[in-house]
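# Architecture and fold: a report
Given next are the chains, with one letter for each unit.
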Amino acid sequence: MDAELRAARASRLGEWEMSPTAEVLFRAEEAVRRRREAELDELVACLTWCDRFASDPRDEPGHTPTRGEVLGGEKLVAIAGEGAPLVRDLSLLELGIALARHPVSVRAMCADALDLRHRLPRTWRHVMDGRAEAWVARRVASLSRTVPAARMSVVDAAVAEAIIGVSPSRVLEVAEASVIAADPEGHRARAAASRAKRYVGLGRADSTGMRTLIARLGTGDAVFVDAMVSRVADILAVQRAATGLPDLPRDTLRAEAMGWLARPAELMGLLVAHGADPADPTGDGCAEDNPFPPDEEWITREQRAERSRRGGPTPESDDTEPGPGPEDDTTVPTDVPGPAPATHIETEPDETDHEAGPEAPVTASPLALSEDVLDRLDARALSRLRPKAVLYVHLHESALDGTRTGSGVARIEGHGPVDVADLATLLRRHDLTIQPVIDNRETHAVDAYEHPTWMRERIHLRAPAEAFPHATRRGRSMDLDHPVPWVDPAHGGPPGQTTTESQPLSRTAHRARTHLGYTIAPTPAGTVWRSPHGLTRLLDTHGRTHTLTEGEAALLTTGQTDTDALLERALRRLVEECRDGGD
């Protein structure tokens, strides 16, 4: 069957290769037209489906809600902007199966389609005529979703005029400008809310094990983080020079310095060892040719604060006006956090300086450490201050016993695949505690409805991804669904119904499975899903979704066929579809 499939593809490519140059252009134009028609058909399918499920199921004649349905059943929700109709939230999952889309993706497509038809009618008309790209129109619908319905005509008029024959980037610029013009108050409120959002996140790991750290901070915090990164980078540069190591680019040093910020105990030791001058690890001020000269005024203020805390006199200031220090830097924004509250320390007057007036209260630096704290920062204390984390590393036994060619590949949850040889680099500077390996070949069961923590761990290690057709979600926070509906033992349910064979589902998919009549059938090849309206899909043991006919599903669930025969039938059907498409 592989040969037939390759032959069908080769025949299709041959038609293009044998076409005259002018015909190639004509066929390319036809391809654009067919693509736009296909994208329009998807949007129309979304609209038709939403129209079919725009009524509240609780208002239908003869409907008697159950307690479970009230808690988790279907509800009418607003997925689009103001003025668009509501839709039953759980109904969208079955449409997603038909469109081979994740439930979140199909919800977004339905929202865009509803906004285009009800809030952007002129733009929608151009999409239906095939004169505009559907994805550009969908982006406009998403951008303008918060605009009140009464002001959407401003956005629709501007976009409808620009969307034909204008580059997508310019169309989106027009859309953004028209959204501001249509709803200036709302735009200012959204801008203020955006400025208030702060977060720190990690980007996806690349194939070399590098990740991007993304942070959205207040300006003051960002300035101080950047300053600390620069200071640690200065120290690392001096250390490399002192030990004869080659220089590194400044950006590389700053990236390493950022890693030091994640280890505050070690960072504290590094900063204390180098004092105010990165090039003077002894702190005696004898470093020569220091490429990073310290801020003398800052050092003087720190010395005065330290002496005040110890109860001794502070050095008298000279008559010259001090230069700008960190708190006098006019480039620091106004939202930089102010100094710590002033700490007035009562001291006895120094006998050698009876004529000196009383010292003014000294503001203690929030970074200054007293001698007793420094004394306690020995190696044992620093090790106890290290943060704790749990790292999940997935390895095949052949990657460790030498039976696999090469070093093998490990998968780290939340990070991605890494070379086994790189694990030592990843785990350096850490105290490791190895937990026992969990053998998922064993099946365990409990009598309760809830899954205990140890069982959730086993289920996640066996099935880390959502077990719904075309779903892509991964993680430990999903619901766990009983393959066979759980029955309370008080009402005749057997013991041991909750097992490690449960499957992870998002909350929405779990509600749909519970209340809409989805059925599943475990098979050696995977799980066969049947939707309320008869769609059948095989979610195989590798997390891939396959389309099945009803007959194929019946053969598979009754054990009358095996996986190889099923795949052969699917390939034959695919070849036939390719042939039909080439006619």
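A quick note: this is a predicted structure, and the numbers were derived from the prediction, not measured.

### A word on the overall build of the protein
- For the protein, the count of helices and strands is 22 helices and 15 strands.
- In the protein, which comprises 583 residues, the share counted as buried stands at 31%.
- Taking the intrachain contacts of the protein between residues at least 6 apart in sequence as the baseline, contacts between residues at least 24 apart amount to 57%.
- Element-wise, carbon and sulfur atoms account for 55% of the exposed surface of the protein, whose accessible area totals about 36,100 Å².

### Brief notes about helix 21 (residues 550-557)
- If you check which residues of helix 21 are buried, you get Glu552, Ala553 and Leu556. In an axial view of helix 21, the angular spread of the buried residues amounts to 100 degrees, which keeps them on one side of the axis.

### Let's talk about the nonpolar core
- One finds Leu92 and Cys110 to be the most contacted residues of the largest nonpolar core, which totals 40 residues.
- Those elements that provide at least two residues to this core are helix 2 (21-52), helix 4 (92-99), helix 5 (103-119), helix 6 (121-128), helix 7 (134-143), helix 8 (152-162) and helix 9 (168-182).
- Here this core takes seven residues from helix 5, the largest share from any one element.
- Those residues in contact with Cys110 that sit more than four places away from it in its chain are Cys46, Cys50, Ile79, Leu92 and Leu95.

### Some details on the confidence of the model for the protein
- With 69% of its residues at a pLDDT of at least 70, the protein reaches an overall mean of 76.
- With pLDDT under 50 throughout, residues 281-303 is counted as low confidence; its partners more than four residues away or in other chains account for 31 contacts.
- The model gives residues 305-367 a pLDDT under 50, and that stretch makes 53 contacts with residues more than four places away or in other chains.

### Side note on the sheet that holds strand 12 (residues 519-523)
- Pairing is antiparallel in the open sheet, where four strands are placed in the order 12-13-14-15. Across the chains shown, the open sheet's two edge strands, defined by having one partner strand only, are strand 12 and strand 15 (545-548). Between one strand axis and the next, the sheet turns through 25 degrees on average, direction left out of account.
- Examined bridge by bridge, strand 12 and strand 13 (residues 526-530) share five bridges and lie antiparallel to one another. The residue of strand 13 that forms the bridge with Thr523 is Gly526.

### Examining the packing of helix 2 against helix 6
- The N-to-C vectors of helix 2 and helix 6 enclose an angle of 130 degrees; their axes lie 10 Å apart at closest approach. Here helix 2 is positioned oblique relative to helix 6, judged by the angle of their axes. Along the contact surface, helix 2 presents Leu40, Leu43 and Leu47, while helix 6 presents Trp124, Val127 and Met128.
- For the contact of helix 2 with helix 6, the class distribution of residues is six nonpolar, no polar and no charged.

### Side note on the pattern of salt bridges
- Across all of its chains, the model carries 25 salt bridges by this definition.
- Residues Glu42 and Arg101 are paired through a salt bridge, measuring 3.4 Å at the closest nitrogen-oxygen approach. Remark: Arg101 occurs in the loop between helix 4 and helix 5 and Glu42 occurs in helix 2; sequence separation between them is 59 residues.
- A residue is classified by how much of its surface remains accessible, and Glu42, at 25% relative accessible area, is partly exposed.
- When its relative accessible area of 24% is taken as the criterion, Arg101 is described as partly exposed.
- For the salt bridge of Glu74 with Arg88, the shortest nitrogen-to-oxygen distance reads 3.7 Å. Within this pair, whereas Glu74 is found in the loop between helix 3 (67-72) and strand 1 (76-77), its partner Arg88 is found in strand 2 (residues 87-88), the two being separated by 14 residues in sequence. With respect to burial, Glu74 and Arg88 carry one shared label: buried.

### Quick look at the packing of helix 5 against helix 7
- Put simply, helix 5 and helix 7 touch, their axes get as near as 9 Å, and they point 85 degrees apart. Judged on the interaxial angle alone, helix 7 and helix 5 are roughly perpendicular. Of the residues in helix 7, those in contact with Ala108, Met109, Asp112, Asp115 and Leu116 of helix 5 are Ala137, Arg138, Ala141 and Ser142.
- In the contact of helix 5 with helix 7, the residues fall into five nonpolar, one polar and three charged.

### Looking at the pairing of strand 6 (residues 409-412)
- Here strand 6 shows one buried face, formed by Ala410 and Ile412, and one open face, formed by Val409 and Arg411.
- Bridge analysis of strand 5 (residues 393-394) against strand 6 gives two bridges, and the strand direction is antiparallel. Bridging across to strand 6, Val393 finds its partner in Ile412.

### Structural notes on the side chain of Ser144
- Among the secondary structure elements, Ser144 is positioned in the loop between helix 7 and helix 8.
- In contact with Ser144, other than residues within four places in its own chain, are Arg119, Leu120, Met152, Val155 and Val179.

### Focus: the environment of Leu95
- Position of Leu95 relative to the elements: it lies in helix 4.
- Among the residues examined, Leu95 registers a relative accessible area of 6% and is labelled buried.
- Here Leu95 is in contact with Cys46, Trp49, Val106 and Cys110, once residues within four sequence places are set aside.

### Remarks on helix 4
- Most of helix 4 sits inside the fold, with seven of its eight residues counted as buried.
- Buried residues of helix 4: Leu92, Leu93, Glu94, Leu95, Gly96, Ile97 and Leu99, and no others.
- On the buried face of helix 4, the contacting elements are helix 2, strand 2, helix 5, helix 20 (507-515) and strand 14 (536-540).
- Just downstream of helix 4 lies Ala100, where phi reads positive at about 55 degrees.

### Quick word on the state of the cysteines
- Per the counting criterion, the structure on display carries zero disulfides.
- Not engaged in a disulfide, the cysteine Cys50 finds its nearest cysteine sulfur in Cys110; these two sulfurs lie 3.9 Å apart.
- Here Cys50 falls in the buried class, since its relative accessible area comes to 3%.
- The thiol of Cys110 is not disulfide-bonded; the next cysteine sulfur, from Cys46, is found 3.7 Å away.
- On the basis of relative accessible area, Cys110 is assigned to the buried category, the value being 0%.

Here is what the cut-offs are and how they apply
- Residues numbered from 1 in each chain as written.
- Predicted model: local features only at pLDDT ≥ 70, side-chain atom pairs only at ≥ 80, totals over all residues.
- Heavy atoms only, no water.
- Helix = DSSP H or I, 4+ residues; strand = E, 2+ residues; numbered from the N terminus.
- Buried < 20%, exposed > 50% of the residue type's maximum accessible area, 1.4 Å probe, protein only.
- Contact = heavy atoms within 4.5 Å.
- Areas by Shrake-Rupley, 256 points an atom, 1.4 Å probe, with all protein chains shown as cover.
- Arc of directions from axis to C-beta.
- Core = buried A, V, L, I, M, F, W, Y, C linked by side-chain atoms within 4.5 Å.
- pLDDT = per-residue confidence, 0-100.
- Pairing = 2+ DSSP bridges.
- Axes fitted to C-alpha atoms, helices over the stretch in contact; angles between N-to-C directions.
- Parallel < 35°, antiparallel > 145°, perpendicular 65-115°, else oblique.
- Nonpolar A, V, L, I, M, F, W, Y, C, P; charged D, E, K, R; others polar.
- Salt bridge = Lys/Arg side-chain N within 4 Å of Asp/Glu carboxyl O.
- Disulfide = S-S within 2.5 Å.

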